[in-house]
Amino acid sequence: MNPFDYLAASSPEQALQQKQRASSRFLAGGTTQIDLMKCDVEQPAALVDISGLQEMREIAFSSDSLRIGALTRMSELEHHAECQREAPAIYHSLWQAASPQLRNMATIGGNLLQRTRCVYFRDPHTFSACNKRNPGSGCAALEGINGNHAILGTSDSCIAVYPGDLAVALTAFDAVVIVRNAAQRERRIPIDQFYLLPGDTPHLEHDLASDEMIIAVELPRTAALKHSHYLKVRDRSSYEFAAASAAVGIELDGDRIRDVRIAVGGVATKPWRAQQVEGALRGQPFDEQTLRRAAERIVQDAKTLPQNQHKKVLTPRVIARALLQAGGKA
């Protein structure tokens, strides 16, 4: 790990000013940032500690929305009774992430900014070719071990999968990421636009300027959010990243689907909204055959490699099973 300066911010305004220092990073729970520094993936000259900014640590349910402060701990939201009752997909995405120890430290804002677990990205001393870490150097994963890599949203420059759970659930329910810059101007970014596709610039992962900080996340309270579920399929039952996951919500009108929300994780380069599946299901009968037939649309444009073809089979099954759970038929 490289030597660095440590700065403690006493307010969001001060933090944003301190962040103007060249090659600086924010430090909250540290579960991602310190990890990347230990791997020598990141070598910041300074860390700006924002963990003490209590004004950014909130969970507020109103009649029509949920607001989560960026410095709220994952475990705080996970254990919040109203979250468990009113937003079960959010709750399930939290308790299945990482470990209890990490969730006690990790913040919501930091979790949204976590970077890929691609082994080629995280081992710069062995693999120099990584366009996400070293633009223009190539992608070692294309010809390497890529069974856990993405089949959706890939490019010739990068096939690294987005690893998180919470952002997948937030994507399904139209969350908005609120950011603020050093001039105290705020932007509200739909979460599906906050995450960027790799294209030819995989090192650019988020629509977040260097002088901006995540302040909070907001999402609307809907009937689909109330009747939602997050299903995570993985190689072991705890402390493991998803082979495929689905965050779903459903609103029924009798035996027909009035509204449905679906996003998938573990299979794409960013949290992936399954709009083509949603469109095929609205107005249709809520039965297993209909769900499974529509879910196949998620992989129509999938690009597989020899080692990750199983994800093309697995992903529609995860969507259908999650919908059955959300609708009370699993």
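Located above this text is the structure these notes cover.
These notes cover the structure that comes with them. Small disclaimer: the values here were computed from a predicted structure and weren't measured. (Residues numbered from 1 in each chain as written. Predicted model: local features only at pLDDT ≥ 70, side-chain atom pairs only at ≥ 80, totals over all residues. Heavy atoms only, no water.)

**Remarks on the overall build of the protein chain**
Consideration 1: Each helix and strand in the protein chain was counted, giving 13 helices and 12 strands.
Consideration 2: In summary, the protein chain has a C-alpha radius of gyration of 20 Å against a globular reference of 20 Å for 330 residues, a match within 12%.
Consideration 3: Projected onto its principal axes, the C-alpha coordinates of the protein chain cover approximately 60 × 50 × 35 Å.
Consideration 4: Across the 330 residues in the protein chain, those meeting the buried criterion constitute 52%.
Consideration 5: A sequence separation of at least 24 residues applies to 62% of the contacts in the protein chain between residues at least 6 apart.
Consideration 6: In the form shown here, the protein chain has an accessible surface area of approximately 14300 Å², with 47% of it arising from carbon and sulfur atoms.
Consideration 7: For the protein chain, the centre of its 38 positive side-chain charges and the centre of its 37 negative side-chain charges are spaced 3 Å apart. (Helix = DSSP H or I, 4+ residues; strand = E, 2+ residues; numbered from the N terminus. Rg over C-alpha atoms; globule rule 2.2 N^0.38 Å. Buried < 20%, exposed > 50% of the residue type's maximum accessible area, 1.4 Å probe, protein only. Contact = heavy atoms within 4.5 Å. Areas by Shrake-Rupley, 256 points an atom, 1.4 Å probe, with all protein chains shown as cover. Lys, Arg positive; Asp, Glu negative; His and termini not counted. Charge placed at Lys NZ, Arg CZ, Asp CG, Glu CD.)

**A short note on the sheet that holds strand E9 (residues 228-233)**
Consideration 1: An order of E9-E10-E11-E12 is seen for the four strands of this open sheet, with the pairing classed as antiparallel. On the outer flanks of this sheet lie E9 and strand E12 (272-273), each paired with one strand and no other.
Consideration 2: Where strand E10 (residues 244-253) and strand E11 (residues 256-265) come together, nine bridges link them in antiparallel fashion. Looking at the pairing, Asp253 lines up with Arg256 of E11. (Pairing = 2+ DSSP bridges.)

**Re the environment of Ala246**
Consideration 1: With respect to the helices, strands and loops of the structure, Ala246 is situated in strand E10.
Consideration 2: For the pair Ala246 and Pro316, spaced 70 residues apart in sequence, the C-alpha separation works out to 9.3 Å.

**Observations concerning the sheet that holds strand E6 (residues 176-181)**
Consideration 1: Taken in spatial order, the five strands of this open sheet run E4-E5-E8-E6-E7, and their pairing is antiparallel. What marks the edges here is a single partner per strand, and that holds for strand E4 (59-61) and strand E7 (186-190). Sheet twist, expressed as the average angle between the axes of neighbouring strands with direction ignored, equals 20°.
Consideration 2: Inspection of the sheet shows E4 paired to strand E5 (residues 65-69) by three bridges, in the antiparallel sense. Bridge pairing in E5 places Ile59 opposite Ile68. (Axes fitted to C-alpha atoms, helices over the stretch in contact; angles between N-to-C directions.)

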